[in-house]
Amino acid sequence: MALLTERTLLGPGPSNPYPEATAALAAPLLGHLDPEFIRILDRTCERLRTVWGTENPLTMPLSGTGSIGMEAAFANTVRPGDVVVVAVNGLFGTRMCEVASRYGAEVVRVDHEWGTPVDVELVLAAHPSPAIVAAVHAETSTGVRSDIGALGAALRSRSPETLLLADCVTSIAGDTLEVDDWGVDIGYAGTQKCLGVAPGLAPFTFSERAWQRRVENPPVWYLDLGLLGAYVRGGPGGRAYHHTAPVAMIASLDAGLGRILDEGLPEVAARHRAAGQMLQDGLIDMGLELFAAPGHRLSQLTTVRVPDGVDSAKVRAQLLSEYDLEIGAGVGEFAAGVWRIGLMGRNAAPERVELVLGALRRVLKQHGAL
Ligand SMILES: *Cc1c(COP(=O)(O)O)cnc(C)c1O
């Protein structure tokens, strides 16, 4: 069988997995109720708690990509007519509005200029006591980090009943994440960004406060946290079958998490910061202009403006065909005006930065842009 071409994946995800995560996919398959697998599942949930910075008992991988976490979050907490304030500073905030409204929320959308972080005062001013406030920690569409800790602290003192929901798909294992300290009640993530595992699972965490306020019979069955919790946490009667856990993916996530925790969470975050800084310095040196607001730029995902007169898609196609190197296009109105370069997981490394800077410099020279 022909193997696929090996690419260097420096787009907005998926990233190249950690080798430990890839190797785990080839291990002998276990049944989803096998005691040996249950031990792996328990360890995965424990490792996820460490990476999230939480003690929430309900912390687990959901079966599906990052978006299933978004779906589960709203499906289990929104009652028709609930006010949900969503901070929108990029594509994923827009999506949260869409998903929340499908579950009957009265969505109060707080728009920000793309490329800027969430403004805590603006979000607080949108409604005095919403059921939920939702925001994206690391906006992959724009390359911006928002201060979720500041939002959480402000909410706790102003409207303690409000649940805080954070999209952490691109921040988990690529940046500091302290769900409990920040007052985040519901968090979801994905495996294929900084966790360095193939796409397919959505790490999820749900606080005790959120559990008290959850919808008992949500309008979805597959994502009912009551039913999922009975399998993941077990109960008086043992583990109840709900759906077949994706055992190979969970074993792969467990291995990826093991690799990350062996390196150390602060070390992993520092490695992402160093790589991002090196890339951003290099792009500026080349004369290119970064898109995200200074001081709020993600390390793991850099947005850079396409120079005037350069065909964005042609450059990306050339990087792919000549260097087996993938970078991302922009999103929405910035689709052709911005490139997105990810340095996630194992790709947060100086040699990857040198590769993309060298390739980009050569291709841009050919296009007459440097
Ligand atoms: C990638 C991403 C998602 C969606 O995750 P999928 O795995 O594509 O379903 C959601 N939010 C953010 C911030 C992301 O970067």
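Shown above is the structure to which this text applies.
Criteria and thresholds
Residues numbered from 1 in each chain as written. Predicted model: local features only at pLDDT ≥ 70, side-chain atom pairs only at ≥ 80, totals over all residues. Heavy atoms only, no water. Buried < 20%, exposed > 50% of the residue type's maximum accessible area, 1.4 Å probe, protein only. Helix = DSSP H or I, 4+ residues; strand = E, 2+ residues; numbered from the N terminus. Pairing = 2+ DSSP bridges. Contact = heavy atoms within 4.5 Å. Axes fitted to C-alpha atoms, helices over the stretch in contact; angles between N-to-C directions. Salt bridge = Lys/Arg side-chain N within 4 Å of Asp/Glu carboxyl O.

### Digging into helix 3 (residues 66-75)
Most of helix 3 sits out of view: seven of its ten residues are buried. Taken together, the buried positions of helix 3 are G66, G69, M70, A72, A73, F74 and A75.

### Comments concerning the sheet that holds strand 13 (residues 328-329)
Ordered by their spatial adjacency, three strands build an open sheet running 11-14-13, and the pairing between neighbours is antiparallel. The open sheet is flanked by strand 11 (301-305) and strand 13, the only strands paired with a single partner. Bridge analysis of strand 11 against strand 14 (residues 338-342) gives five bridges, and the strand direction is antiparallel. Across the sheet, the residue bridging to L301 is G342, located in strand 14. Against the sheet, helix 11 (residues 265-285) contacts strand 11 and strand 14, and its axis sits at roughly 10° relative to strand 11.

### Some points on the pattern of salt bridges
Per the stated rule, a full pass over the model turns up 15 salt bridges. Across the salt bridge formed by R209 and D185, the nearest N and O atoms sit 2.8 Å from each other. Taken together, the residues R209 in helix 8 (residues 208-212) and D185 in the loop between helix 7 (179-182) and strand 9 (186-188) connect sequence positions 24 residues apart. A salt bridge links R259 to E263, with the nearest nitrogen and oxygen atoms 3.0 Å apart. Taken together, the residues span about one helical turn, with R259 and E263 both in helix 10 (residues 247-263) at a distance of four residues. R259 sits in the partly exposed class, given a relative accessible area of 24%. In the salt-bridge network here, residues are joined through shared partners; they are R43, R47 and D254.

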